[in-house]
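One-letter residues, chain by chain:
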Amino acid sequence: MIYLDNAATTAVDPRVTEVMLPYFSEFYANPSGSYGFAYKSMEAIDKARGSIANLIGADSDEIFFTSGGTESDNLAVKGAIQALIPEKKHVICSKIEHKAIINSCREMQVFGVKTTYLYPDEIGIIQPEKVMMSINRDTAIVSIMMANNEIGTIEPVEKIGAVCSKWNVLFHTDAVQAFGQIPIDVKRMSIDLMSISSHKIHGPKGIGALYVKKGTKVYHQICGGGQESGLRAGTENVPGIVGFGEAARIAGNEMNANYRHVSVLRDRMIYRVLHEIRGVRLNGAYYYGNNGYESRRLPGNVNFSFLGIKEGSIPMMLDEEGICTSSGSACSTLNEGASHVLKSIGLSDELASSSLRITIGKNNTVGDIDETVQALKKVITKLRNVTVEV
Ligand SMILES: *Cc1c(COP(=O)(O)O)cnc(C)c1O
């Protein structure tokens, strides 16, 4: 099997599994316990918090653990709005946000909150000027993702953050895809709230965090025993937190090497497909070659649309060849309809539904890429020869 769906989830790094294991059956104490044994758990949580904070230029006490990116997105948007209503009743997000953001904004309608959805340009960039023009006296929060999960476009968050800070509006960014892949500095980027997740960076599933800049008011979404300073109650997922911390530490240490390895594979895939298959469109930020961190595309992201395919799914055909890919985000394949992201960058329904997302990770090899190109040629030829009866 060749796994090329690393934006959906990643394999847990064996080094991560190893540090987690003792926290299942050996150091299993509830960290709130009032004995030395509990201190072992608390100490491990503190260490993980430090590793995560370190990777984004934050302080440890600005990191709050949640069950993942989805919960962090909900907590950030709903919690920040609930802390500011009734004075402020407007939120701004983009058309290409993850459904966790779009649906959280929608749910705030019950409080009379209005949402402005900003369209990206044709490569998926949200222009900071558009953000500025949409801010009004009522605006509580702007939520623009750091990098898109479908087309890999890296947003100009530093400029958007500066706009928000100037107009005194909170800035949240969903950095689930960017975290651990590209450098993040919450202070330089003027970020107030930021969502991150462990399982996209070779950590375990079901654990994530929200960065909350000191002094930012967020209303909790889950109440109970007051864990995580009251922002997110519930007994801490100690093995998950330990694994997340280790995954973040490793991602930080190996970021440059991974970036180089993965972006070389991405560029090889893009070059070969554009040269060897006709009628292909590359969706997202244009290919600039290997220009390191200046690129506006995530190192592992490839997203194509194929002309002349009326029926059949490319990922399903590739699966027959033993290759795991996706047509959009893992989440949007659950519901019907073409990707909202591809449509908002201007693709027709037909082009949006003949799309293929390939997301490369650190465990992939040149052989994986070359085998996939061969299989793709075969699959596209087959699909283009299907005649549709009217
Ligand atoms: C995966 C993902 C999420 C959801 O994170 P989970 O930890 O799976 O809940 C949110 N936003 C983006 C951009 C993602 O890629």
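Overview of the structure.

What counts and what doesn't
- Residues numbered from 1 in each chain as written.
- Predicted model: local features only at pLDDT ≥ 70, side-chain atom pairs only at ≥ 80, totals over all residues.
- Heavy atoms only, no water.
- Helix = DSSP H or I, 4+ residues; strand = E, 2+ residues; numbered from the N terminus.
- Rg over C-alpha atoms; globule rule 2.2 N^0.38 Å.
- Buried < 20%, exposed > 50% of the residue type's maximum accessible area, 1.4 Å probe, protein only.
- Contact = heavy atoms within 4.5 Å.
- Areas by Shrake-Rupley, 256 points an atom, 1.4 Å probe, with all protein chains shown as cover.
- Lys, Arg positive; Asp, Glu negative; His and termini not counted.
- Charge placed at Lys NZ, Arg CZ, Asp CG, Glu CD.
- Near = heavy atom within 4 Å.
- Polar contact = N/O pair within 3.5 Å; in protein donor to acceptor, adjacent residues only side chain to side chain.
- Pairing = 2+ DSSP bridges.
- Axes fitted to C-alpha atoms, helices over the stretch in contact; angles between N-to-C directions.
- Salt bridge = Lys/Arg side-chain N within 4 Å of Asp/Glu carboxyl O.

## Overview of the overall build of the protein chain
- Helix and strand content of the protein chain: 13 helices and 12 strands.
- The C-alpha radius of gyration computed for the protein chain amounts to 21 Å, which stays within 12% of the reference 21 Å derived for 390 residues, consistent with globular compactness.
- C-alpha atoms of the protein chain, sized along the principal axes, occupy 70 × 50 × 40 Å.
- With 390 residues in all, the protein chain has 55% of them scored as buried.
- Taking all contacts inside the protein chain whose residues are at least 6 apart in sequence as the whole, residues at least 24 apart take part in 75%.
- Split by element, the accessible area of the protein chain, about 17,000 Å² in all, is 53% carbon and sulfur.
- Taken as two groups, the 40 positive and 42 negative side-chain charges of the protein chain have centres that lie 4 Å from each other.

## A word on the site of the ligand
- Inspection of the region around the ligand gives 13 residues, with Thr-70, Asp-174, Gln-177, Ser-197 and Lys-200 positioned closest.
- A distance of 2.6 Å separates an oxygen atom of the ligand from a polar atom in the side chain of Gln-177.
- Between an oxygen atom of the ligand and a side-chain N or O atom of Lys-200, the distance comes to 2.7 Å.
- Here the ligand loses 87% of its free accessible area of 380 Å² to cover by the protein chains.
- Here the shell around the ligand takes three residues from helix α4 (residues 69-84), the largest share from any one element.

## So, the sheet that holds strand β7 (residues 193-197)
- Pairing within the open sheet is mixed, and its seven strands lie in the order β2-β8-β7-β6-β5-β3-β4. Looking along the sheet, the strands with just one partner apiece sit at the ends: β2 (63-66) and β4 (114-118). Strand-to-strand, the axes of this sheet are offset by a mean angle of 20 degrees, without reference to chain direction.
- Across four bridges, the pairing between β2 and strand β8 (residues 208-212) is antiparallel. Residue pairing across strands places Ile-63 opposite Tyr-211, the latter belonging to β8.
- Docked against the sheet, helix α7 (residues 157-166) engages β5 (139-143) and β6 (170-174), running at close to 155 degrees with respect to β6.

## Description of helix α5 (residues 99-107)
- The set of residues buried in α5 consists of Ala-100, Ile-101, Ile-102, Ser-104 and Cys-105.
- As for α5, its buried residues are in contact with α4, β3 (90-94), β4, β5, β6 and α11 (340-344).

## Some points on the pattern of salt bridges
- Inspection of the entire model under this criterion finds 21 salt bridges.
- With its nearest N and O atoms 2.9 Å apart, the salt bridge here joins Lys-78 to Glu-107. Here Glu-107 lies in helix α5 and Lys-78 lies in helix α4, a separation of 29 residues in the sequence.
- Owing to a relative accessible area of 46%, Glu-107 belongs among the partly exposed residues under this scheme.
- The closest approach of N and O atoms between Arg-272 and Glu-276, which form a salt bridge, is 2.9 Å. Here Arg-272 and its partner Glu-276 are both found in helix α9 (residues 255-276), four residues apart, which amounts to about one turn of the helix.
- Here the salt bridges share partners, and the residues they tie into one network are Arg-268, Arg-272, Glu-276, Asp-370 and Lys-377.

Scope: geometric values only; no functional claims are made or implied.
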